[in-house]
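Topology and contacts: notes
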Amino acid sequence: MPAQIIDGNAVADRIVAELAAEVAKLKAAGRGPLLVAVQVGENAASRVYIKNQKESCEKIGISYRLDELPATTTQADLAAHIGKLNADPRVTGVILQMPLPEGLDPRAAQRAIGFEKDIEGMHPANMGRVVYGDAAQAPCTAHGAYLLARSLELPPSHDPLPEFAKRVIAAGKTTAGLYGKNVVVVGHSEIVGKPLALLFLDSFCTVSVCHIATKNLAEMARQADILCVAVGKPGLIKAEMIKPGAAVIDIGINRVPDIGPDGKQLLNKKGKPAMKTVGDVDYEKACAVAGWITPVPGGVGPMTVAMLLKNVVEAARAARG
Ligand code: NAD
């Protein structure tokens with residue numbers, strides 16, 4: 001049976017609708033959230049992100065402001081600007097647009113954002129909260145990929161469910177579908193692979209993490225009931241590396257030439273060689289083996305945006321006390 005296609009847009013829309021209701025409540029209480037994006041210098045790519053972020057926020061009533069700093073901004077200037085935003089009670093969250101101009105240290109700048117206002121979940125304190133099983137402000141893509149897997153109706157690995165499983169399911173830590181699953185995460189970056197592994201671990205999955213130095217990737221991947229891939233290499237995961245019936249969560253985003261049936265690269269509307277976006281999994285062939293699979297685009301991507309909004313709402317809620 002061909003794989004069920006996981007509709008990331010539909011799951012994200014459900015989450016965003018709930019968030020809209022939360023934002024309405026916060027606004028009614030005079031605590032409407034404000035997300036401030038900080039952009040240093042000019043960058044065409046981040047213009048697109050900023051436009052999309054603004055639209056996504058405003059659609060559900062989150063105010064969005066862009067603070068533009070000149071390309072000559074020093075590390076100290078940037079830290080001072082972020083410091084002001086940290087201290088401003090009207091600002092719920094701060095998002096730093098990447099890349100920064102050469103000469104600025106992105107990691108140091110990112111860490112200048114107070115953990116309460118760190119909407120991308122990249123501050124060490126928010127990473128630490130994930131270790132402690134608190135995903136309130138977790139890294140967006142990892143959290144989105146995890147929730148997408150959690151949204152599936154996977155057959156239970158334990159039948160009948162042990163009493164312990166029933167307790168942790170009732171407590172919301174996991175689901176009958178996730179409890180006891182073998183999860184393989186390919187990729188161990190700070191923003192995706194590592195936090196994703198922790199989120200599954202906290203749901204009582206048995207987690208293996210593969211990376212560039214993994215010797216037997218195919219063998220490892222075939223153990224997975226849930227296979228998550230966040231590498232950035234198109235076609236890395238072939239159909240024969242997937243356990244029949246597994247759930248495949250493809251996080252990779254790669255731009256590749258769009259090839260027509262005649263083997264030649266297609267042309268776009270402007271008559272230029274066309275490109276398309278693909279993940280890390282050989283999607284067409286994987287569909288014949290997997291039980292569930294995310295498309296790229298339309299899988300994890302919309303969930304990342306939803307998690308960004310969720311983190312703004314969480315930050316606004318936390319700021320209430
Ligand atoms: P990264 O470059 O920081 O990490 C890549 C990881 O892949 C590393 O752990 C590395 O060891 C591993 N790796 C490299 N080659 C490998 C191989 N041959 N076999 C096994 N592992 C290998 O990347 P990242 O920032 O985690 O991003 C990974 C992918 O996810 C990229 O394609 C990125 O565009 C995408 N991404 C998507 C979203 C989204 O919203 N869907 C968000 C962030 C990143």
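Quick look at the structure, then.

Each value, and the rule that gives it
Residues numbered from 1 in each chain as written. Predicted model: local features only at pLDDT ≥ 70, side-chain atom pairs only at ≥ 80, totals over all residues. Heavy atoms only, no water. Core = buried A, V, L, I, M, F, W, Y, C linked by side-chain atoms within 4.5 Å. Buried < 20%, exposed > 50% of the residue type's maximum accessible area, 1.4 Å probe, protein only. Helix = DSSP H or I, 4+ residues; strand = E, 2+ residues; numbered from the N terminus. Contact = heavy atoms within 4.5 Å. Near = heavy atom within 4 Å. Polar contact = N/O pair within 3.5 Å; in protein donor to acceptor, adjacent residues only side chain to side chain. Areas by Shrake-Rupley, 256 points an atom, 1.4 Å probe, with all protein chains shown as cover. Nonpolar A, V, L, I, M, F, W, Y, C, P; charged D, E, K, R; others polar. Salt bridge = Lys/Arg side-chain N within 4 Å of Asp/Glu carboxyl O. Pairing = 2+ DSSP bridges. Axes fitted to C-alpha atoms, helices over the stretch in contact; angles between N-to-C directions.

In terms of nonpolar packing, the biggest core is built from 54 residues, with Ile62, Leu196, Phe200, Ile226, Ile249 and Ile251 touching the most fellow members. Looking at which element gives the most residues to this core, the answer is helix α11 (residues 300-318), with 10 residues. Non-local contacts of Ile62, meaning those with residues more than four positions away in its chain, are made with Val23, Pro33, Leu35, Cys57, Leu309, Val312 and Val313. Counting 19 residues, the second-largest nonpolar core is a separate cluster that includes Ala3, Val184, Ala224 and Ile237.

Time to look at the site of the ligand. In the neighbourhood of the ligand, 20 residues make up the surrounding shell, with His188, Ser189, Lys233, Ile253 and Thr304 lying closest. At a separation of 3.5 Å, a nitrogen atom of the ligand approaches a polar backbone atom of Ile251. With respect to the ligand, the backbone of Ile253 contributes an N or O atom lying 2.9 Å from an oxygen atom. Out of a free accessible area of 860 Å², the ligand has 73% covered by protein chains. Of all the elements, α11 adds the most residues to the shell around the ligand, at 3 residues. When its residues are assigned to classes, the shell around the ligand shows 10 nonpolar, 9 polar and 1 charged.

Moving on, we get to unusual backbone geometry. With an omega of 0°, the peptide bond running from Asp159 to Pro160 counts as cis. Residue Pro297 is bonded to the preceding Val296 through a cis peptide linkage, with omega at 0°. Position of Pro297 among the secondary structure elements: in the loop between β11 (292-293) and α11. Positive phi values are uncommon outside glycine, yet Phe204 reaches one of about 65°. Secondary-structure assignment places Phe204 in the loop between α8 (193-202) and β6 (206-210). Accessibility expressed as a relative area gives 30% for Phe204, which makes it partly exposed.

Here we take up the pattern of salt bridges. Inspection of every chain in the model, using the stated rule, returns 15 salt bridges. Salt-bridge contacts for Glu22 lead to Lys25; the nearest nitrogen and oxygen are separated by 3.7 Å. Separated by 3 residues within a single helix, Glu22 and Lys25 lie in helix α1 (residues 8-28), roughly one turn from each other. Classification of Lys25 as exposed rests on a relative accessible area of 57%. Among the salt bridges present, the one from Glu68 reaches Arg47, with a minimum N-O distance of 2.8 Å. Of this pair, Glu68 sits in strand β3 (residues 63-69) while Arg47 sits in helix α2 (residues 44-59), and the two are 21 residues apart along the sequence. Taken together, the shared-partner salt bridges connect Glu22, Lys25, Lys310, Glu314 and Arg317 into one network.

Moving on: the sheet that holds strand β4 (residues 93-96). In space, the 3 strands of this open sheet follow the order β3-β2-β4, with parallel pairing throughout. The two strands at the open ends of the sheet, each matched to only one other strand, are β3 and β4. The sheet shows a mean angle of 25° between the axes of neighbouring strands, direction not considered. Pairing of strand β2 (residues 34-40) with β4, which is carried by 4 bridges, proceeds in the parallel orientation. Paired with Val36 across the bridge in β4 is Val94. Along the sheet, α2 makes contact with β2, β3 and β4, crossing β3 at roughly 155°.

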